[in-house]
Amino acid sequence: MTEGQQLEFERRLSVADLDAGETQEVRIEASPAECGALARRLKIESVESLHGDLTVHRDLTGDALLSGRLTSDVVQACVVTLEPVPERVAFDVFQRFTVRADAPEVEGEDPPEPIEDGQIEIGDVVVQNLALSLNPYPRVPDVEFQTFDDEAERPSGPFAALAQLRKKDDEPSEKA
């Protein structure tokens, strides 16, 4: 993100007053305006809701660990028919935040995000995890892609329809 860029779902949380070993519970929920902005960012039909409970724990190194479970109701376009496909997405979030420039990366974790001025930005982490949890190929129930039967010697593949159109154009037309 570039400096000055506005986040669709900004949630700054102060961790400066958390002592090592202390935990803070956080409930987050997107407003209707934020849901609209998130749908545009994610390029989906709509985000109806986004909410969840998170825990921020300050460890002995001074790092802050964000974890929790969120739920979002979204609507995406069917990849076959383009009809709306509503879906409830539940996903877990785990992210480390640090002030240390030389913080080691832990295998299996995303690289640590910065703690800046005693605050962490948890909204964008939530949105990134939502994006990764969306169904990449939403489909209306019981809809299937149409396929051609190669044994019946029908053309198939992405250019089959174009080949049929070209064939019709090559036929001589009857003049009256």
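1. Considerations on the sheet that holds strand 6 (residues 113-114)
Item 1. Overall, mixed pairing links the five strands, which are arranged 2-3-4-5-6 in an open sheet. For this open sheet the edge positions go to strand 2 (23-29) and strand 6, each flanked by a neighbour on one side alone.
Item 2. Along the sheet, helix 1 (residues 32-42) makes contact with strand 2 and strand 3 (46-58), crossing strand 3 at roughly 100 degrees.
Item 3. Helix 2 (residues 123-133) contacts strand 2, strand 3, strand 4 (64-77), strand 5 (84-98) and strand 6 of the sheet and is inclined by roughly 135 degrees relative to strand 5.

2. Examining the packing of helix 1 against helix 2
Item 1. Across the interface, helix 1 lies against helix 2 with an axial gap of 11 Å and an inter-helix angle of 50 degrees. For the element pair helix 1 / helix 2, the angle class is oblique. Here the hand of the crossing between helix 1 and helix 2 comes out right-handed. In contact with Leu38, Arg41 and Leu42 of helix 1, helix 2 contributes Asp124, Val127, Gln128, Leu130 and Ala131.
Item 2. Class assignment for the residues of the contact of helix 1 with helix 2 results in five nonpolar, one polar and two charged.

3. As for the pattern of salt bridges
Close approach of charged atoms allows side chains with opposite charge to pair.
Item 1. The final tally for this structure, using the stated rule, is ten salt bridges.
Item 2. The partner of Asp63 in a salt bridge is Arg96, with the nearest N and O atoms 3.3 Å apart. Of this pair, Asp63 sits in the loop between strand 3 and strand 4 while Arg96 is found in strand 5, placing the two residues 33 residues apart along the sequence.
Item 3. Look at Arg96 and you get buried, because its relative accessible area is 14%.
Item 4. For Arg69, the salt bridge goes to Asp92, with nearest N and O atoms at 2.9 Å. In this pair, Arg69 is assigned in strand 4 and Asp92 in strand 5, connecting sequence segments 23 residues apart.
Item 5. One network of salt bridges, in which partners are shared, links Asp59, Asp63, Arg96 and Arg100.

Cut-off values and rules
- Per-chain numbering applies: the sequence of each chain, read as written, is numbered from 1 onward.
- A pLDDT threshold of at least 70 governs which residues receive local features in this predicted model, and a stricter bar of 80 or more applies before side-chain atom pairs are shown or counted, although totals over entire chains, interfaces and linings include all residues.
- Only hydrogens and water are set aside when side-chain values are computed; all heavy atoms of the structure are taken into account.
- DSSP bridges decide pairing: two strands pair if at least two such bridges lie between them.
- Helix numbers and strand numbers start at the N terminus; a helix is a DSSP run of H or I with at least 4 residues, a strand a run of E with at least 2.
- Contact between two residues is taken to exist if any of their heavy atoms lie within 4.5 Å; hydrogens are not considered.
- Axes here mean lines fitted to C-alpha atoms, for a helix over just the part in contact, with angles spanning 0 to 180 degrees between N-to-C directions.
- Roughly parallel refers to an angle under 35 degrees, roughly antiparallel to one over 145, roughly perpendicular to one between 65 and 115, and oblique to any angle outside these ranges.
- When the near helix sits turned anticlockwise from the far one by under a right angle, the crossing is termed left-handed; a clockwise turn instead gives a right-handed crossing.
- Residue polarity follows a fixed list, in which Ala, Val, Leu, Ile, Met, Phe, Trp, Tyr, Cys and Pro are nonpolar, Asp, Glu, Lys and Arg are charged, and the others, Gly among them, are polar.
- Salt bridge, as applied in this entry: a Lys or Arg side-chain nitrogen positioned within 4 Å of an Asp or Glu carboxyl oxygen.
- Per-residue accessibility, obtained with a 1.4 Å probe over protein chains only, is compared with the maximum for each type, and a residue is labelled buried under 20%, exposed over 50%, and partly exposed between these values.

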